[in-house]
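Results of the structural survey
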Amino acid sequence: MTESAIQIIHQNIHQRQSIGQLVEPAPSTEQLELAFQAALTAPDHHRLKPTRFVVVSGEQRGAFGEVLAKALADLGETDPAQLERVKQHPFRAPLLILALTQLQDHPKVPHFEQILSTGAAVQNLLLSLQAQGFSTMWRSGAVVESNWLKQHLGLQPRDLISGIIYVGTAAKVIAPRADIESKEFVKVWQA
Ligand SMILES: Cc1cc2nc3c(=O)[nH]c(=O)nc-3n(C[C@H](O)[C@H](O)[C@H](O)COP(=O)(O)O)c2cc1C
């Protein structure tokens, strides 16, 4: 890899920042496919492929909002204002991607490794979308705990809704990420 290619890759990683205000355009089918190809190369012990993605397109956001309200009600929420509020959540971006972890029982691959694998897949997804000019926000919220929602998505109660990724184009320019002092987080082991 050339020096400039290395620099570009690191710039893409370093400049990724979550953006809450997302507008059209959303990625095309081809652009999404590129991102899913990147996501699905994430490290994955014994290649169990525990990660699934579900795309909620712009036209489906209203219907998905109703599903989120049912999920919140499933968790015991009765306040009509909260239920109405969650119905609007999908409209925070032109497209949503749910990242799911479908856990498998394997003697050498504990569940936590499979969850981490989904985390790595999501990061690849975010970086691919960022490289293609889009912005994202990885969210969760109470709804990810709803067994009703898990069942609706084809999951077992033990599986995870690991993220609701909001995808679109940044509505405004934000300040670049501050420099990171790696010394605070990294040390060299010595015997
Ligand atoms: C699994 C997961 C769930 C998250 N859920 C939320 C959320 O529900 N709401 C939120 O504001 N940020 C959430 N975040 C944090 C943001 O995605 C983001 O990483 C954080 O605001 C830091 O910003 P940055 O990505 O620009 O560094 C979540 C992050 C992860 C990894």
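Structure report, in brief. (Residues numbered from 1 in each chain as written. Predicted model: local features only at pLDDT ≥ 70, side-chain atom pairs only at ≥ 80, totals over all residues. Heavy atoms only, no water.)

Some points on empty space enclosed by the protein
Applying the stated criterion to the full structure yields 1 cavity of 30 Å³ or more. There is about 70 Å³ of room inside the largest cavity. What lines the largest cavity is simply Ala-39, Leu-40, Ala-42, Pro-43, Asp-44, Lys-49, Pro-50, Thr-51, Ser-117 and Ala-121. Each residue belonging to the lining of the largest cavity can be placed in one class, and the counts come to 6 nonpolar, 2 polar and 2 charged. (1 Å grid on protein atoms, 1.4 Å probe; cavity = no way out; pocket = protein on both sides within 12 Å on 5 of 7 lines; lining within 4 Å. Points joined across faces, edges and corners; volume = space filled by probe spheres on them. Nonpolar A, V, L, I, M, F, W, Y, C, P; charged D, E, K, R; others polar.)

What to know about the nonpolar core
Counting residues in each nonpolar core, the largest one holds 23 residues, and the members touching the most others are Phe-64, Val-143, Leu-149, Leu-153, Ile-161 and Ile-164. In contact with Ile-161, not counting residues within four places along its chain, are Ala-99, Leu-100, Val-143, Val-144, Leu-149, Lys-150, Leu-153 and Leu-155. Of all hydrophobic cores here, the second largest spans 17 residues; its members include Phe-36, Ala-42, Ile-97 and Ala-121. (Core = buried A, V, L, I, M, F, W, Y, C linked by side-chain atoms within 4.5 Å. Buried < 20%, exposed > 50% of the residue type's maximum accessible area, 1.4 Å probe, protein only. Contact = heavy atoms within 4.5 Å.)

Things to note about the site of the ligand
Around the ligand, the structure places Arg-16, Gln-17, Ser-18, Met-137, Trp-138, Arg-139, Ser-140, Gly-141, Ser-162 and Arg-177. Here an oxygen atom of the ligand and a side-chain polar atom of Ser-18 are 2.6 Å apart. Arg-177 has a polar side-chain atom sitting 3.2 Å from an oxygen atom of the ligand. Protein chains shield 52% of the accessible area of the ligand, which is 630 Å² for the free molecule. When residues in the shell around the ligand are grouped by element, the largest group, 3 residues, is from strand β4 (residues 135-139). Classifying every residue of the shell around the ligand by side-chain character gives 2 nonpolar, 5 polar and 3 charged. (Near = heavy atom within 4 Å. Polar contact = N/O pair within 3.5 Å; in protein donor to acceptor, adjacent residues only side chain to side chain. Areas by Shrake-Rupley, 256 points an atom, 1.4 Å probe, with all protein chains shown as cover. Helix = DSSP H or I, 4+ residues; strand = E, 2+ residues; numbered from the N terminus.)

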